[in-house]
Amino acid sequence: MARQIKIEQIDDLMKEAVQELVQKTTLRWTELSKKATPVDTGNLINSWKTDIRKFKGTITNNVEYAEPVIYGTPSSLPKSWQGRYRTRKNTIKGFPELQAKQLTTGYIPQQLRKIIRSK
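Please read all numbers here as calculations on a predicted model, not as lab measurements.

Criteria and thresholds
- Every residue gets a number counted from 1 within its own chain, in the order that chain's sequence is written.
- Totals for whole chains, interfaces and linings use every residue, but because this is a predicted model, local features are given only for residues with pLDDT of at least 70 and side-chain atom pairs only at 80 or more, for both listing and counting.
- To get the side-chain values, take all heavy atoms of the structure and skip hydrogens and water.
- Where helices and strands are cited, they refer to DSSP runs of H or I of at least four residues and of E of at least two residues respectively, numbered from the N terminus.
- Take the number of residues in a helix, subtract one, and multiply by 1.5 Å to get its expected span.
- Fitting axes to the seven residues ending at a residue and to the seven starting there, one defines the bend at that residue as the angle between these axes.
- Here's how the labels work: a residue is buried when its accessible area is under 20% of the maximum for its type, exposed when over 50%, partly exposed in between, all with a 1.4 Å probe on protein chains only.
- Should any heavy atoms of two residues lie within 4.5 Å, those residues are considered in contact.
- Contacts described as polar in this section are N or O atom pairs within 3.5 Å, which, within protein, must combine one atom able to donate a hydrogen with one able to accept it, while residues neighboring in sequence count only if both atoms come from side chains.
- By nonpolar core is meant a set of buried Ala, Val, Leu, Ile, Met, Phe, Trp, Tyr and Cys residues that side-chain atoms within 4.5 Å join together.
- When DSSP finds two or more bridges between a pair of strands, those strands are recorded as paired.
- Patches here: salt-bridge-free residues with over 30% relative accessible area, like charges joined within 9 Å, nonpolar side chains (Val, Leu, Ile, Met, Phe, Trp, Tyr) joined within 5 Å.
- Surface exposure here means Shrake-Rupley accessible area, sampled with a 1.4 Å probe, where a residue is shielded only by the protein chains that are shown.
- Within this document, salt bridges are pairs made up of a side-chain nitrogen of Lys or Arg and a carboxyl oxygen of Asp or Glu, the two lying within 4 Å of each other.
- The axes used here are C-alpha line fits, helices contributing only the stretch in contact, and every angle between their N-to-C directions lies in the interval 0 to 180 degrees.
- By definition, turning the near helix anticlockwise from the far helix through less than a right angle yields a left-handed crossing, and turning it clockwise yields a right-handed one.
- As a working rule, the residues Ala, Val, Leu, Ile, Met, Phe, Trp, Tyr, Cys and Pro are called nonpolar, Asp, Glu, Lys and Arg charged, and the rest polar, with Gly in that last group.
- pLDDT is a residue-level measure of predictor confidence that goes from 0 to 100.

**So, helix α4 (residues 95–118)**
For α4, built from 24 residues, the straight-helix expectation of 34 Å at 1.5 Å per residue is met to within 8% by its first-to-last C-alpha distance of 32 Å. In the structure, α4 departs most strongly from a straight axis at Leu-103, where the bend amounts to approximately 45°. Among all positions in α4, only Phe-95, Pro-96, Gln-99, Leu-103, Tyr-107, Gln-111 and Ile-115 are buried. Those residues of α4 hidden inside the fold are in contact with α1 (10–36), β1 (48–52) and α3 (66–70).

**A look at the side chain of Asn-61**
When you line up the elements, Asn-61 lands in strand β2 (residues 57–61). Given a relative accessible area of 15%, Asn-61 falls into the buried group. At a separation of 2.8 Å, a polar atom in the side chain of Asn-61 contacts the main-chain carbonyl oxygen of Leu-44. At 3.1 Å, the side chain of Asn-61 forms a polar contact with the backbone nitrogen of Val-63. Beyond its immediate sequence surroundings of up to four residues, Asn-61 is in contact with Leu-44, Ser-47, Trp-48 and Ala-66.

**A short note on the nonpolar core**
Soluble globular proteins tend to bury their nonpolar side chains together. Grouped together as the largest cluster of nonpolar side chains are nine residues: Leu-44, Trp-48, Val-63, Ala-66, Val-69, Ile-70, Leu-77, Trp-81 and Phe-95. Sort the elements by how many residues they give to this core and α3 lands first, with three residues.

**What to know about the pairing of β2**
In this structure, β1 lies alongside β2, joined through five bridges in antiparallel fashion. Residue pairing across strands places Ile-52 opposite Gly-57, the latter belonging to β2. Count of turn residues in the β1/β2 antiparallel hairpin: four residues.

**Observations regarding a nonpolar patch on the surface**
Together, Ile-5, Ile-7, Ile-10, Met-14, Val-18 and Phe-55 give the surface a local cluster of nonpolar side chains, amounting to about 520 Å² of exposed area. On the secondary structure map, Met-14 appears in helix α1.

**Notes on the packing of α1 against α4**
As a packed pair, α1 and α4 sit with axes 9 Å apart at the nearest point and diverge in direction by 145°. Pair α1 / α4 crosses with right-handed handedness. Of the residues in α4, those touching α1 at Met-14, Ala-17, Glu-20, Leu-21, Lys-24, Thr-25, Arg-28, Trp-29, Leu-32, Ser-33 and Ala-36 are Phe-95, Pro-96, Gln-99, Ala-100, Gln-102, Leu-103, Tyr-107, Ile-108, Gln-111, Leu-112, Ile-115 and Ile-116. The residue makeup of the contact of α1 with α4, split by class, is 15 nonpolar, five polar and three charged.

**Considerations on the confidence of the model for the chain**
Across the chain, the average pLDDT comes to 88, with 98% of residues at or above 70. No element of the chain has a lower mean pLDDT than α3, at 86, and none a higher one than β1, at 98.

Okay, structure coming up:
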């Protein structure tokens, strides 16, 4: 039997669903980022910070060498890398964008369906 929702309840239902989705997605993305981060001293992986608000989730890493390790952009590479992207753990440069694609095509729609069904 189909669930009956009054039209005036849709707004609250969707607000709750989106808030929960933001929280779950932000935590999942943090988890994926930590898994993809190469570990040498542990400083980079332990510096991921997650901030979850009502409708916004943010993941940051303020370690000075985070950008070259994560993105491998030529302007950010340390001189010691001699213009080549390289990490000791064969990290895939730009992994946050790959994770975003993975989350938006599979995880987010799946979680939203689960959340709405549970309301």
